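# Structure at a glance
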Amino acid sequence: MINKKFIKISFKEDLKLIKNISISNCLIIGGAGTIGSNYIKELIKLQPKKIVVVDINENGLVELTRDLRSSNLLDYNPEYITYPVNLLSETFDKIFWSKKFDLVANFAAHKHVRSEKDKISIEALIKNNIYGAIKLLELCLIRPPKYFFSVSTDKAANPVNIMGASKSL
């Protein structure tokens with residue numbers, strides 16, 4: 001049996017969330033990836049005013065933008081900007097400080113076994129998955145968003161390799 005009291009409370013909370021996000025400036029890091037791009041598609045349904053997407057994959061950003069435009073999700077005309085930059089770059093710092101973001105969501109991560117093929121790949125993985133996350137958290141401590149979300153993967157639970165351990169950290 002469904003608890004009607006819970007449904008009413010849940011519905012009120014959903015309306016509050018929708019109201020807050022619909023007036024938000026959103027920064028999505030790693031938005032061109034599978035999880036990040038799907039998150040953006042759901043977020044856009046709440047019609048935030050500004051959506052800034054950062055990802056090192058320029059082609060992925062182009063594909064994301066084409067997909068959003070062809071689906072009519074951007075028809076409400078938000079300010080939508082993509083930047084093909086690295087989270088650890090000075091350019092990212094400029095993006096972060098350019099606007100007070102109400103929502104910061106982080107999906108940036110090196111993943112899969114191919115990231116551990118040699119010392120250089122492991123270094124890149126550690127820089128992104130650990131130092132990138134630390135940098136973002138430090139920035140958010142200085143200028144806290146209303147909402148912060150960072151995702152890792154199931155690989156972080158009981159890690160069996162460097163990639164999983166970096167996500168767990």
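Residues numbered from 1 in each chain as written. Predicted model: local features only at pLDDT ≥ 70, side-chain atom pairs only at ≥ 80, totals over all residues. Heavy atoms only, no water.

## Notes on the packing of aromatic side chains
The following threshold applies: Here a pair means two rings of Phe, Tyr or Trp (six-membered ring of Trp) with centres within 6.5 Å. Their orientation is stacked below 30 degrees between planes, edge-to-face above 60, and tilted elsewhere. Secondary structure elements are defined from DSSP: runs of H or I of at least 4 residues count as helices, runs of E of at least 2 residues count as strands, and each element is numbered from the N terminus. For each residue, the accessible area found with a 1.4 Å probe, counting protein chains only, is set against the maximum for its type, and the residue is called buried under 20%, exposed over 50%, and partly exposed in between.
Under the counting rule described, the total for this entry stands at five aromatic pairs. With 4.9 Å between their ring centres and 50° between their planes, Tyr39 and Phe107 make a pair best called tilted. With Tyr39 in helix H2 (residues 34-44) and Phe107 in the loop between strand E4 (103-106) and helix H5 (119-142), this pair connects stretches of sequence that are 68 residues apart. Taken together, a centroid distance of 5.2 Å and an interplanar angle of 85° make the contact between Phe96 and Trp97 edge-to-face. According to the relative accessible area criterion, Phe96 is buried, its value standing at 2%. Looking at Trp97, the relative accessible area reads 38%, which means it is partly exposed. Within the aromatic cluster, the residues linked to one another by ring pairs are Tyr39, Phe107 and Phe149.

## Topic: the pattern of salt bridges
As a reminder, the rule being used: Here, a salt bridge means any Lys or Arg side-chain nitrogen found within 4 Å of an Asp or Glu carboxyl oxygen.
Counted under the stated rule, the structure contains six salt bridges. The salt bridge partner of Asp67 is Lys41, with a shortest N-O separation of 2.4 Å. With Asp67 in helix H3 (residues 58-70) and Lys41 in helix H2, this residue pair connects regions lying 26 residues apart in the sequence. A salt bridge links Glu63 to Arg66, with the shortest nitrogen-to-oxygen separation between them at 3.1 Å. Residue Glu63 and its partner Arg66 are both found in helix H3; the two are separated by three residues, about one turn of the helix.

## Some points on the sheet that holds strand E2 (residues 50-54)
Formally: Strand pairing is assigned whenever DSSP detects at least two bridges linking the two strands. Axis angles are defined between N-to-C directions and span 0 to 180 degrees, where every axis is a line fitted to C-alpha atoms and, for a helix, only to the segment in contact. Should any heavy atoms of two residues lie within 4.5 Å, those residues are counted as being in contact.
Strand order in the open sheet formed by five strands is E3-E2-E1-E4-E5, with parallel pairing between adjacent strands. Across the chains shown, the open sheet's two edge strands, defined by having one partner strand only, are strand E3 (79-83) and strand E5 (147-150). Each neighbouring strand pair of the sheet contributes to a mean axis angle of 10°, computed without reference to strand direction. Relative to E4, strand E1 (residues 25-29) runs parallel, the two being bridged by four bridges. Residue pairing in the sheet places Cys26 in a bridge with Leu103 of E4. Along the sheet face, H3 touches E2 and E3 and points at about 160° away from the line of E3.

## Remarks on a nonpolar patch on the surface
This is how the line gets drawn: Patch membership needs two things, relative accessible area over 30% and no salt bridge, and members are linked within 9 Å if like-charged or within 5 Å if nonpolar (Val, Leu, Ile, Met, Phe, Trp, Tyr). Accessible areas in this description were obtained via Shrake-Rupley with a 1.4 Å probe; residue shielding takes into account the shown protein chains only.
There is a patch of nonpolar side chains on the surface, built from Leu88, Tyr131 and Ile134 and spanning about 280 Å² of accessible area. Mapping Ile134 onto the fold places it in helix H5. By relative accessible area, Ile134 is classed as partly exposed at 39%.

## Quick word on the confidence of the model for the chain
What counts here: As a per-residue measure, pLDDT tells how confident the predictor is, with possible values from 0 to 100.
Here the chain averages 82 in pLDDT, and 73% of its residues register 70 or above. For the chain, helix H6 (residues 162-168) is the element with the lowest average pLDDT, namely 55, and helix H4 (residues 90-97) is the one with the highest, namely 98.

## Quick look at the nonpolar core
Just so we agree on the cut-off: Buried Ala, Val, Leu, Ile, Met, Phe, Trp, Tyr and Cys residues form a nonpolar core when they are joined through side-chain atoms within 4.5 Å.
Ranked by size, the top nonpolar core spans 16 residues in total, and within it Ile28, Ile40, Ile44, Val53, Leu64, Leu68 and Tyr80 carry the most contacts. Of all elements in the fold, only E1, H2, E2, H3 and E4 reach the threshold of two or more residues within this core. Discounting residues that sit within four places of it in the chain, Ile28 has contacts with Tyr39, Ile40, Leu43, Val52, Val53, Val54, Ala105 and Phe107.

## Details of the side chain of Asn106
Here is the rule we go by: Identification of polar contacts relies on pairs of N or O atoms within 3.5 Å, with a donor-acceptor requirement for protein atoms, meaning one able to donate a hydrogen and the other able to accept it, and with residues adjacent in sequence counted only if both atoms are side-chain atoms.
With respect to the secondary-structure elements, Asn106 resides in strand E4. Exposure remark for Asn106: the relative accessible area of 5% places this residue in the buried category. Separated by 3.4 Å, the side chains of Asn106 and Ser150 make a polar contact. Not counting chain neighbours up to four residues away, the residues in contact with Asn106 comprise Ile29, Leu136, Phe149, Ser150 and Val151.

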